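Survey of secondary and tertiary structure
Now for the letters of each chain:
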Amino acid sequence: SPAMTPEKITSWEEADQALATLAHTRRELFTLVTWRDEGLMKLRAEYLKRAQERLLILPGAMTVYARGDGAYVYARDGRRFLDGNARAGQVSFGHNNPLIYETDQKMREAGAQCFETIGDFWQTEIKVNGVHYEISPPALAELLVSLTYGSDAYVVPQVSGTLATNSLIKICERLRPDRRIFVSFDGAYHGRSGAALSLTNARGIQKHRNAPGLQVAHIPFVATAEDAEQAVAVLTRIDPSYINAAFFEGVQSVGGMRSQSPEHVMSVLKFLQNAGALIFTDEIYSGFHRTGKRFSFQYYDFVPDGIAMAKVIGQGLPISAAIVQKGIFEREGKDAREVCPIGWEGGTFNWASLPVARGIVGLSHYEKENIGGHVAAMAEYFDEKAGAVLRVFNHGRAEPIAHLTGRGLMRGFCFRAGKKPLPKLRDAVGAEMFKEGVIFTGAGHEAINPTLIFTPPLIIEKTHIDEFAAALEPSLARAWASVGLE
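Just so you know, the residues in each chain are numbered from 1, in the order the chain's sequence is written. Given that this is a predicted model, residues contribute local features only at a pLDDT of at least 70 and side-chain atom pairs are listed and counted only at 80 or more, while totals for whole chains, interfaces and linings are drawn from all residues. With hydrogens and water stripped out, all remaining heavy atoms of the structure feed into the side-chain values.

A short note on the overall build of the protein
Within the protein, the secondary structure is distributed over 16 helices and 19 strands. Its C-alpha radius of gyration of 24 Å places the protein within 12% of the 23 Å reference for a compact globule of 486 residues. With the principal axes as the frame, the protein shows a C-alpha extent of 85 × 60 × 45 Å. The classification of residues rests on relative accessible area computed with a 1.4 Å probe and restricted to protein chains. Under 20% of the type maximum is buried, over 50% is exposed, and intermediate values are partly exposed. By residue count, 52% of the 486 residues in the protein fall in the buried class. The contact criterion used throughout is that any non-hydrogen atoms of two residues lie within 4.5 Å. The long-range share in the protein, meaning contacts at least 24 apart out of those at least 6 apart in sequence, stands at 70%. Reported accessibility uses the Shrake-Rupley method at a 1.4 Å probe radius. Residues are deemed covered only where the shown protein chains occlude them. Of the accessible surface of the protein, which amounts to about 21,900 Å², a share of 51% is contributed by carbon and sulfur atoms. His residues and chain termini do not enter the charge count, which takes Lys and Arg as positive and Asp and Glu as negative. For the purpose of locating charges, the reference atoms are NZ of Lys, CZ of Arg, CG of Asp and CD of Glu. Of note, the protein has its 52 positive side-chain charges centred 4 Å away from the centre of its 54 negative side-chain charges. Only runs of H or I of at least four residues qualify as helices and only runs of E of at least two qualify as strands under DSSP, and these elements are numbered from the N terminus. Put simply, the radius of gyration uses C-alpha atoms, and a globule should come to 2.2 Å times the residue count raised to 0.38.

In structure tokens:
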């Protein structure tokens, strides 16, 4: 019908009406109508202009988002997108989660919206979804310890993952002041400021012209036995009595959603332990079942001395934690309260009441509901569907082009032909996926492992994975046609 031609469809409501008579899927209508209509990009252009005028951190989004619901986010112009990175992993339980919404409401009704972790003793009780919860900093600390070590651990309340990492480093420096060298892996990302930035080396832009004072030995990422030998070779050139601690990601996030070989990296970690180094794991992105296990270090044969965690705890509100085993103080023959006296650490917004409540209610509920089992099932289905798409795309080529990396629902699609990285292909696929209504975020190093990451809300179902796979197949084909090996 001429009245329903794509050129005359200007909203999703009109598109839905057209679906009844036109032989187009919603995705095809998106390509034909929304993407071609330059008027719908006006919002982004105006937003970007204002951001450039006032913000030194510019958003890289392709559109302006207005709200979220479950596994989806919606743009100001009405378009719906499958959220392929869960807002960098922070809304693992989905957007506009009813449980979290009720938690916030009950906290407001209790009048417990603003207390200071290090300045006040505060405690309240709320009932959410029929369950009674104590809400207080000690209650959240006890929950985090029970989910990590079970007992015999201290928790440092913090606001962000970077600050949690910095707290662990400060503890190390106060506990072992004569050991000045820290160890991190190539491709690591532990934060963008302070001592945590010294550990980071995922991308050059993060450290350009910054000179953090921490002494760090970056050792090779361990994927093979040869990598492990090279890492140990670097470490043998350092006096072991100078090594304080090493920081380890079970799955690297910004580094490209890649996992080190459990078999081979253990020889490196054991070398460090034999040298007296403490081993800390960064579970800021990978924690709480993101990788298919509660924590990514559980894929490896060791128990860390401490853990940095954040993101999922606050479900969109800033909160983090540094957890250390009490044994690290006992082994040094020092009292924890003397090493970390009142005032050694703190902050105005550390563990504000609303994010504390979200952490207690959200983590308790989803542990009880076995979110880990759900993630494992969805990860298996994802491997099946995504693997099938990649096999078709890579079939007949001299060598594979697209490679699936990571674990669980912390996955990456690395674009590389042999040793040749393909960053333009990575970017083209991401742009095509956006046109298909899927947010697919870049990661990795352009000269090593250009990667697109898929870290959706953990509450996704098979229908969401089907939607992702249906978008991936044509996106790969169109991106390859436009860029290829360029």
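Points about the nonpolar core
Membership of the largest hydrophobic core comes to 97 residues, with the highest contact counts inside it found for I135, L144, L272, F413 and F468. A total of 9 residues in this core trace back to one element, the largest contributor, which is helix 14 (residues 371–394). The definition of a nonpolar core used throughout is a set of buried Ala, Val, Leu, Ile, Met, Phe, Trp, Tyr and Cys residues joined through side-chain atoms within 4.5 Å.

Section: the pairing of strand 5 (residues 131–135)
Each pair of strands is called paired provided DSSP finds at least two bridges between the two strands. In this structure, strand 4 (residues 124–128) lies alongside strand 5, joined through 5 bridges in antiparallel fashion. Bridge assignment links I126 to a residue of strand 5, and that residue is Y133. Counting the residues that bridge the hairpin from strand 4 to strand 5 gives 2 residues, and of these N129 lies at a positive phi of roughly 55°.

A few points about the confidence of the model for the protein
Per-residue confidence from the predictor is given as pLDDT, running between 0 and 100. This prediction gives the protein a mean pLDDT of 91; 91% of its residues lie at or above 70. Note on residues 32–36: pLDDT is under 50 here. Beyond four places in sequence and across chains, it has 14 contacts.

Thoughts on the packing of helix 5 (residues 98–110) against helix 13 (residues 353–368)
Each axis is a line fitted through C-alpha atoms, and for a helix only the stretch in contact is used; angles between axes span 0 to 180 degrees, taken between their N-to-C directions. As a packed pair, helix 5 and helix 13 sit with axes 9 Å apart at the nearest point and diverge in direction by 140°. By the angle class used here, helix 5 and helix 13 are oblique. With respect to the hand of their crossing, helix 5 and helix 13 are arranged in right-handed fashion. For the pair helix 5 and helix 13, the contacting residues are L99, I100, T103, D104, M107 and R108 in the first and S353, L354, A357, R358, V361, G362, H365 and Y366 in the second. Residues belonging to the contact of helix 5 with helix 13 are distributed by class as follows: 7 nonpolar, 4 polar and 3 charged. Here the angle decides the label: under 35 degrees means roughly parallel, over 145 means roughly antiparallel, 65 to 115 means roughly perpendicular, and every other value means oblique. Two helices cross in a left-handed way if the nearer one is turned anticlockwise from the farther one by less than a right angle. They cross in a right-handed way if the turn is clockwise. The classification used treats Ala, Val, Leu, Ile, Met, Phe, Trp, Tyr, Cys and Pro as nonpolar, Asp, Glu, Lys and Arg as charged, and all other residues, Gly among them, as polar.

With respect to the sheet that holds strand 3 (residues 80–82)
Pairing in this open sheet of 3 strands is antiparallel, and the strands run 1-2-3 from one edge to the other. A strand with exactly one partner marks an edge of an open sheet, and here the two such strands are strand 1 (65–69) and strand 3. Taken over all neighbouring pairs, the strand axes of this sheet differ in orientation by 30° on average, direction set aside. Of the pairings in the sheet, the one linking strand 2 (residues 72–75) to strand 3 comprises 3 bridges and is antiparallel in character. The residue of strand 3 that forms the bridge with Y74 is R80.

Digging into helix 13
Here helix 13 contains 16 residues, and its C-alpha end-to-end distance of 22 Å stays within 8% of the 22 Å for a straight helix at 1.5 Å per residue. Phi for N370, located one or two positions after helix 13, is positive at around 60°. To estimate how far a helix should reach, multiply one less than its number of residues by 1.5 Å.

Some details on the pattern of salt bridges
For this analysis, a salt bridge means a side-chain nitrogen from Lys or Arg found within 4 Å of a carboxyl oxygen belonging to Asp or Glu. Applying the stated criterion to the full structure yields 18 salt bridges. A salt bridge links E436 to R478; the nearest nitrogen and oxygen atoms lie 2.8 Å apart. With a gap of 42 residues between them, E436 in the loop between helix 15 (423–435) and strand 18 (441–443) and R478 in helix 16 (residues 462–482) connect regions that are remote in the sequence. When its relative accessible area of 8% is taken as the criterion, E436 is described as buried.

Comments concerning the packing of helix 6 (residues 137–148) against helix 13
Taken N-terminus to C-terminus, the directions of helix 6 and helix 13 make an angle of 35°; their axes are 9 Å apart at the nearest point. The handedness of the crossing between helix 6 and helix 13 comes out as left-handed. Across the interface between the two elements, P137, A139, L140, L143, L144 and L147 of helix 6 pack against V356, G359, I360, L363, S364 and E367 of helix 13. In terms of residue class, the contact of helix 6 with helix 13 is built from 9 nonpolar, 2 polar and 1 charged.

So, unusual backbone geometry
Not every positive phi belongs to a glycine, and D152 is a case in point at roughly 55°. By the secondary structure assignment, D152 is in the loop between helix 6 and strand 6 (153–158). Among the residues examined, D152 registers a relative accessible area of 53% and is labelled exposed. Of note, the phi angle at N370 is positive, near 60°, even though the residue is not glycine. Along the chain, N370 falls in the loop between helix 13 and helix 14.

So, the sheet that holds strand 6
Consider a sheet: its strands pair through backbone hydrogen bonds, and that pairing is either parallel or antiparallel. Pairing in this open sheet of 7 strands is mixed, and the strands run 6-14-13-12-9-7-8 from one edge to the other. With one partner strand each, in any of the chains shown, strand 6 and strand 8 (215–219) form the two edges of the open sheet. The sheet shows a mean angle of 20° between the axes of neighbouring strands, taken without regard to direction. Where strand 12 (residues 278–282) lies against strand 13 (residues 306–309), 3 bridges are found, and the strand directions are parallel. Across the sheet, the residue bridging to F280 is G306, located in strand 13.

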